[in-house]
Amino acid sequence: MTGLPKVPTGIPGLDILLDGGLAPGAFVILDGDPMSAVHVLALEYAAKGIAAGDGCVYLSTKEFWETLAQELVGAGALDAGKRLSIVDAYSALADPQVRDTDMIQYVSSFSDLPKLSHLTVTAMSNLFSSGVVQQRAVVESVDTMMMYLPIQAIYRFLFFIKAKVRSFKGTAFAVLSTDLCQEKDRGILMELADVVIRLESGASSIKVTMPSRAPATGRYSVDGGGIRIMPNGPVRR
């Protein structure tokens, strides 16, 4: 969306690579090999938003909500209040008796894309209705879905989420380990991205690709304080 100021992620080195932040409505594919820090970066993106007063809808297909909530607190989301909504498509696989709460909505299977879509958009609408205008969304992880669902169904699901995020003028991260998927499928999903952030564990490198500008690169490290991103020299326009 043009004409609107960028939204900083709150992660200093990343915001430098993004030339100040993300455009409202931006749909980001966060891509990395399985040993990279994509999960840590997704958590920090969500936590920094919550700490700044943004709302966050976190769709998880690979973690129990208790673990996710603890990790978000550890990443800095100390006072989420009613600004965090978790769509949990994992816990019900282990315990079918789980029941929804104000913060957590359960889905019995991450292959139930219509319900995932409905709950994610409903959570965003509820946040907006409660006065939380600026929002973030995280879908983690897409590669889990790709193990069981056709790529066309995942594309339609992410396209729908992207459209809704744009309508709310929010931002979103979709987490994907493309090393675990076929190159053809990777190319299909990359068509959805307004921004691609690629992490490589071997070189501890990060690369940000955006339209109409050269890729911006840097290095990252992870410690008890979270992820630290160090850009490689001046960002080229």
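As shown above, the structure is provided for reference.
Residues numbered from 1 in each chain as written. Predicted model: local features only at pLDDT ≥ 70, side-chain atom pairs only at ≥ 80, totals over all residues. Heavy atoms only, no water.

Caption draft 1: Local environment of the layout of surface pockets. When its volume is computed, the largest pocket comes out at roughly 300 Å³. Lining the largest pocket are 13 residues, and of these K82, S85, D102, M103 and N126 sit closest to its centre. At the level of elements, β3 (84-88) and α5 (113-129) are the ones that each hand at least two residues to the lining of the largest pocket. At 5 residues, α5 tops the list of elements feeding residues into the lining of the largest pocket. Of the residues belonging to the lining of the largest pocket, the class tally is 5 nonpolar, 6 polar and 2 charged. (1 Å grid on protein atoms, 1.4 Å probe; cavity = no way out; pocket = protein on both sides within 12 Å on 5 of 7 lines; lining within 4 Å. Points joined across faces, edges and corners; volume = space filled by probe spheres on them. Helix = DSSP H or I, 4+ residues; strand = E, 2+ residues; numbered from the N terminus. Nonpolar A, V, L, I, M, F, W, Y, C, P; charged D, E, K, R; others polar.)

Caption draft 2: Molecular detail of the packing of helix α2 (residues 38-51) against helix α3 (residues 65-74). With their axes 9 Å apart at the nearest point, α2 and α3 run at an angle of 70° to one another. Our classification of the angle between α2 and α3 gives roughly perpendicular. Classified by chirality, the crossing of α3 by α2 is right-handed. Touching H39, L43, A46 and A47 of α2 are L68, E71 and L72, all from α3. When grouped by side-chain class, the residues that make up the contact of α2 with α3 number 5 nonpolar, 1 polar and 1 charged. (Axes fitted to C-alpha atoms, helices over the stretch in contact; angles between N-to-C directions. Parallel < 35°, antiparallel > 145°, perpendicular 65-115°, else oblique. Left-handed = near helix turned anticlockwise from the far one by under 90°. Contact = heavy atoms within 4.5 Å.)

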